[in-house]
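Per-entry structural report
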Amino acid sequence: MHITASGMEETDNKIALEKAYELYSGTILRFIFFKVSDYAAAEDITAQAFVKLWQKMSRGEEIRNERALLYTIARGLVVDHYRKSQNKNMSLDQIPESMLPSGENLQEIAETKYQSEHILQAMSKLRDEDRDALNMYYIDELSIPEISAILNKSENATRVVIHRALKKLREYV
Amino acid sequence: MNEEEIIEQIKKLKKLGPKQPELSLLKKEVFARIEAAKKEKPQQSPYFIYWPFSHLILSGAIAALLLFALSAAFYEPLNTQVRYSVNQIRIMAAGNQYRKAELALNFAEGEFERFSKNPSRVGSGELEKATAITNEELGKLNLTGEAGKYTTEECKKLYLKFDTMLHELADLAKKENAQAFLRQIEEYEKIADQKLNMY
């Protein structure tokens, strides 16, 4: 989606933000939760990310790719969160019930929970950049150009990051 | 587990996610924060709330310090104290976090240069203090920048500069066998690298 926020009226910004929220809030919240392993903190950071997006829109900054920008903002906010909490090695304790899929029976839910926690624990041992690359590519289905913009790398380098991250993850699973 | 199976496991995480009612509640929170941000007045430094009075005090304090610095110019320990105090005041009075971080870094670089000429004093605590202050002030930067104050790119440049200085400092500390300082530098380097990785 290409939005030129320059000269936008406040109402236009609100509409654009609402649209971005509808499209990306779920995946951004999940992305952040996988990084901080704290649902309340993930909600707070998600809210901050959308406020920052709105601030950029209000300033009339050109936003070429809202989704990529949101991920970039989110990653920066998570760094701030780590700094404030003085804890850079948070571990995943439990996936909150609210994140688990509805419409499955209890056994399926328990299985999903177990498998998810297992893979997330393994992923938490990866470097931030590697874990983010895997999250964005395989879970949130961002394109390589989008991920390379977020990681500030070339597309080839991004592919290498993903490939190496997978290889590393195999050692931890 | 082979690569394909791992990818499958990762993809299964797509099943997890917040429910719509929670997202709706969060949306209200987002818009409430936006409304609050709109009403928020531009933040003023507490040092300048009562401008004329504070201004006089600050000017007086700086003048006194300058006089003190001049008289102490030839007495090294006092000279050092004065330089650090003046630097602290300058950092405190700086208008935004980027400026504070920049002042701290410039000061640390100056100290590094001084100590490079007299390396036997590395480990005496002064250079450590200047580096710690720089690390602290840089740590308070908002990496994505702040509207009208500083940009992401400026933050990145500052971190790169700090990172370069740390590498050189580490060499100096190694040469002088200042182990405690070296450990401290390595810690700062780790933090700086993590921040730079975020760009």
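The paragraphs below set out a description of the structure included in this document. Every value quoted in this text rests on a predicted model; they were computed, and no experiment measured them. (Residues numbered from 1 in each chain as written. Chains lettered and ligands numbered in written order. Predicted model: local features only at pLDDT ≥ 70, side-chain atom pairs only at ≥ 80, totals over all residues. Heavy atoms only, no water.)

Concerning the environment of A:R131
Residues and elements named next belong to chain A. For clarity, the threshold we go by: Under the DSSP-based scheme used, a helix requires at least four consecutive residues in state H or I and a strand at least two consecutive residues in state E, with every element numbered from the N terminus. Between buried and exposed lies partly exposed: a residue is buried under 20% and exposed over 50% of the maximum accessible area for its type, with that area taken using a 1.4 Å probe on protein chains only. Note on contacts: a residue pair qualifies if any of its non-hydrogen atoms lie within 4.5 Å across the two residues. Polar contact is defined as a pair of N or O atoms within 3.5 Å, subject to the rule that within protein one atom must be able to donate a hydrogen and the other to accept it, and that residues adjacent in sequence are counted only when both atoms are side-chain atoms.
Following the sequence through the fold, R131 ends up in helix 5 (residues 128-139). Classification of R131 as buried rests on a relative accessible area of 6%. Along the primary structure R131 and L169 are separated by 38 residues, whereas in three dimensions their C-alpha atoms are 9.1 Å apart. Discounting residues that sit within four places of it in the chain, R131 has contacts with F34, K35, Y82, M123, S124 and L126. Within the structure, R131 has its side chain in polar contact with the side chain of D128 (distance 2.8 Å).

Side note on the environment of A:A165
Residues and elements named next belong to chain A. Looking at the secondary structure, you find A165 in helix 7 (residues 155-172). Once the C-alpha coordinates of A165 and A133 are considered, the two residues, 32 residues apart in sequence, prove to be 7.9 Å apart. Aside from chain neighbours lying at most four places away, what touches A165 is L126, D130 and L134.

Re the interface of chain B and chain A
We apply this condition: Accessible area that two parts lose when put together, with a 1.4 Å probe and added across both, is what the buried area reports. A carboxyl oxygen of Asp or Glu within 4 Å of a side-chain nitrogen of Lys or Arg is what we treat as a salt bridge.
On the side of chain A, 55 residues touch chain B, which itself brings 41 residues to the contact. With both sides pooled, the region where chain B packs onto chain A buries about 4500 Å², and carbon together with sulfur makes up 63% of that total. Taken together, the links from chain B to chain A amount to three salt bridges. In this structure, B:R33 engages A:D44 in a salt bridge whose closest nitrogen and oxygen atoms are separated by 2.5 Å. On the surface where chain B and chain A come into contact, there are 13 residue pairs in polar contact (both at pLDDT 80 or more). Contributing elements (two or more residues each) for the side of chain B that touches chain A: helix 1 (3-12), helix 2 (20-39) and helix 8 (179-197) of chain B. For the side of chain B that touches chain A, the element with the highest residue contribution is helix 2 of chain B, accounting for 12 residues.

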